[in-house]
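# Per-entry structural report
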Amino acid sequence: MTTLLQINSSLFSSGGHSSQLANDFVAAWRAINPDAQVKVRDLATEPLPHLDAQRVSAFFASPDTRTPEQQILVNESNALINEIKESDLIVIGLPMYNFGIPSTLKAYFDQIARAGLTFRYTENGPEGLLAGKKAFIFATRGGMYAGTALDSQTTYVRDFLNFLGITDVEFIYAEGLNMGEETKDQALAKAHQRLAELVI
């Protein structure tokens, strides 16, 4: 059975444009894949803790030396890792906040990037352990940034996913959403057109 994992990172939950585009894609995909399983993780309604010294120490501690408190922290990360490991498709709703990704998404990334589980170091360099997956990123921005030096999101998210072995990554942009209603409507219409082309 094919499994799709949807991650919405808008502060506005399902009300954000990135979430709405991701939701529309998943709904269309589900219509032609009725037997598939869909898991939704909304980082606005279920935010994850950011990394701190206690959590990092728990991750690096040997399993036989972890305290019960450390094991709880490790179990939380393990559950997220198992969730993405079991998924074939990953759909991310990605708004731009102050030229970067939402801090909630960064917290999620930090929870799933663990040596030996989602990547490993070899004599030839790092190797991602989540190969064979496809990712769709619905990136929404108030201004126009794609293809410019100010678009730090695309490179970072692509590089992060590539590092974990997810190299088939498709970005769908809706830009200029704060530049007037006409520009906004055109951008969303274009994103929906691309969305429809990608649903398979």
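Before reading on, note that the structure itself is shown above.
First things first, this report covers the structure right here in the doc. (Residues numbered from 1 in each chain as written. Predicted model: local features only at pLDDT ≥ 70, side-chain atom pairs only at ≥ 80, totals over all residues. Heavy atoms only, no water.)

## Overview of the packing of aromatic side chains
The tally for this structure, following the rule as stated, stands at ten aromatic pairs. Considering the side-chain rings of F25 and F136, the 4.7 Å spacing of their centres and the 40° angle between planes classify their relative orientation as tilted. Separated by 111 residues along the polypeptide, F25 in helix α1 (residues 17-32) and F136 in strand β6 (residues 134-140) bring together distant segments of the chain. Of the two residues, F25 and F136, both sit in the buried class. Ring plane angle 20° and centroid distance 4.2 Å describe the contact between F109 and F160, whose orientation is recorded as stacked. (Phe/Tyr/Trp six-rings, centres within 6.5 Å; stacked < 30°, edge-to-face > 60°. Helix = DSSP H or I, 4+ residues; strand = E, 2+ residues; numbered from the N terminus. Buried < 20%, exposed > 50% of the residue type's maximum accessible area, 1.4 Å probe, protein only.)

## Brief notes about the pattern of salt bridges
In total, this model carries eleven salt bridges according to the counting rule given. The residue D110 makes a salt bridge to K106 at a minimum N-O spacing of 2.9 Å. With D110 and K106 both in helix α4 (residues 103-112) and four residues apart, this pair spans about one turn of that helix. We classify K106 as partly exposed; its relative accessible area is 32%. For R194, the salt bridge goes to E197, with nearest N and O atoms at 3.0 Å. (Salt bridge = Lys/Arg side-chain N within 4 Å of Asp/Glu carboxyl O.)

## A look at the nonpolar core
Counting residues in hydrophobic clusters, the biggest one holds 27 residues, and the most contacted among them are L94, L105, Y108 and I137. Elements supplying a minimum of two residues to this core: β1 (3-8), α3 (68-85), β3 (89-95), α4, β6, α5 (152-163) and β7 (168-174). For this core, the element with the most residues is α4, which contributes four residues. Setting aside residues no more than four positions away along its own chain, Y108 makes contact with L5, I7, R41, L43, L48, L80 and I84. The next biggest cluster of nonpolar side chains, apart from the first, holds 21 residues, and it includes L4, A187, L188 and L198. (Core = buried A, V, L, I, M, F, W, Y, C linked by side-chain atoms within 4.5 Å. Contact = heavy atoms within 4.5 Å.)

## A short note on the pairing of strand β4 (residues 119-122)
Direction of pairing for β4 relative to strand β5 (residues 125-128): antiparallel, over a ladder of four bridges. Note on β5: the bridge partner recorded for Y121 is P126. (Pairing = 2+ DSSP bridges.)

## Digging into the packing of α1 against helix α6 (residues 181-198)
In a pair of packed helices, the angle between the axes and the distance between the axes together describe the arrangement. Direction vectors running N to C along α1 and α6 enclose 30°, while the axes themselves pass 10 Å from each other. Our classification of the angle between α1 and α6 gives roughly parallel. For the crossing formed where α1 meets α6, the hand is right-handed. Contacts from H17, L21, D24 and F25 of α1 reach α6 at K184, L188, A191, H192, L195 and L198. A breakdown of the residues in the contact of α1 with α6 according to their chemical character gives six nonpolar, two polar and two charged. (Axes fitted to C-alpha atoms, helices over the stretch in contact; angles between N-to-C directions. Parallel < 35°, antiparallel > 145°, perpendicular 65-115°, else oblique. Left-handed = near helix turned anticlockwise from the far one by under 90°. Nonpolar A, V, L, I, M, F, W, Y, C, P; charged D, E, K, R; others polar.)

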